[in-house]
Amino acid sequence: MSQPWTRTLAGQFIVFDGPDGSGKSTQFRMLRELAEADGLEVCEVREPGGTEVGERIRAVLLDPEVEREHAMDVRCEMMLYMASRAQLVAEKVRPALGRGALVLADRFISSTLAYQGTAGGVSVADILRVGQVAIGECWPRLVVVFDVDQATAAKRLNPLLDRMEQKGVEYHARVRAGYLEQAREDPDRYLVVDARRDVDTVFTELCTGLQTKLTQ
Ligand code: TMP
């Protein structure tokens, strides 16, 4: 009997990423459920956070109140995201990959490259240098970018915006451009999915794209 295609996901490290309001979290849940139904062990993580230490860092990063008197410097912001990532890799990602589990991450260093890099102005070289310290050898096999325009994204967001979501239209346009630029520069490791459409159409395109990329 033929194996389900989801078997090719075993032992892989796959990141779901994209602008705020892209709908990636719904797709993330759908893929996890499909993989688990086919008998795979799935380690699901999210950033920033995903560990006890990381969730505390997340609270600082997303709280608009931390900027009541002074704006958070973008280098401080970048390193807090990386600190959360270092803990997540050590505590969850590395052990799961060691067991041969599928690791599904909701955001990873591709977010830092888009938000603090393209949108925030930190150089790619600086982000990768700090990233190497945080991540070690645990780089993702594939980054799926859920691409969405701002009008669609805005409709999907909770009206109570967090500190990052409050950064404004121009910042978020640069974030989107940053993801598309990463994908253009590294087509083997990135898959762009048009996330403007309905949930089921996006999921079908995601599964087709994953099968193609992982068997290339
Ligand atoms: P979330 O709401 O999808 O969990 O993500 C939290 C916010 O943090 C979101 O606006 C994206 C942003 N972010 C960065 O700016 N840099 C990063 O490295 C990560 C992981 C997230």
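We now turn to the structure provided with this report. (Residues numbered from 1 in each chain as written. Predicted model: local features only at pLDDT ≥ 70, side-chain atom pairs only at ≥ 80, totals over all residues. Heavy atoms only, no water.)

## Topic: unusual backbone geometry
Note the following rule: Starting at the N terminus, helices and strands are each numbered in turn, a helix being any DSSP run of H or I of at least four residues and a strand any DSSP run of E of at least two. The buried label applies to any residue whose accessible area, calculated with a 1.4 Å probe on protein chains only, is under 20% of its type's maximum; exposed applies above 50%, and partly exposed to all values in between.
Look at the link from Glu47 to Pro48: it is a cis peptide, with omega at -15°. Unlike most non-glycine residues, Arg107 shows phi in positive territory, near 80°. Inspection of the secondary structure puts Arg107 in the loop between strand S3 (102-106) and helix H4 (109-119). Judged by its relative accessible area of 11%, Arg107 is buried.

## Focus: helix H8 (residues 199-214)
Each turn of an α-helix holds 3.6 residues, which means side chains three or four residues apart point in the same direction. This is how the line gets drawn: Helices are assigned an expected span. That span is 1.5 Å times one less than the residue count. Along the arc lie the directions from the helix axis toward the C-beta atoms. In this description, contact between two residues means that some pair of their heavy atoms is separated by no more than 4.5 Å.
For H8, built from 16 residues, the straight-helix expectation of 22 Å at 1.5 Å per residue is met to within 8% by its first-to-last C-alpha distance of 22 Å. Those residues of H8 that fall on the buried side of the exposure criterion are Val202, Phe203, Leu206, Cys207, Gly209, Leu210, Lys213 and Leu214. Down the axis of H8, the buried side of the element spans an arc of 170°, and every buried residue falls inside it. Its buried side turned inward, H8 meets strand S1 (13-17), helix H1 (24-37), strand S4 (142-147) and strand S5 (190-194).

## Quick notes on the pattern of salt bridges
Working definition: two side chains of opposite charge can pair if their charged atoms are close together. To be explicit about the condition: What counts as a salt bridge is simple: a side-chain nitrogen of Lys or Arg found within 4 Å of a carboxyl oxygen of Asp or Glu.
Considering all chains together, one arrives at 20 salt bridges under this definition. When the shortest N-O distance is used, the salt bridge between Arg32 and Glu36 registers 3.7 Å. With Arg32 and Glu36 both in helix H1, this residue pair falls four residues apart, about one helical turn. The class for Glu36 is partly exposed, based on a relative accessible area of 38%. Residues Arg94 and Glu137 are paired through a salt bridge, measuring 2.9 Å at the closest nitrogen-oxygen approach. Note that Arg94 is positioned in helix H3 (residues 74-99) and Glu137 in the loop between helix H5 (124-135) and S4, a separation of 43 residues in sequence. The exposure class assigned to Arg94 is partly exposed, which follows from its relative accessible area of 34%.

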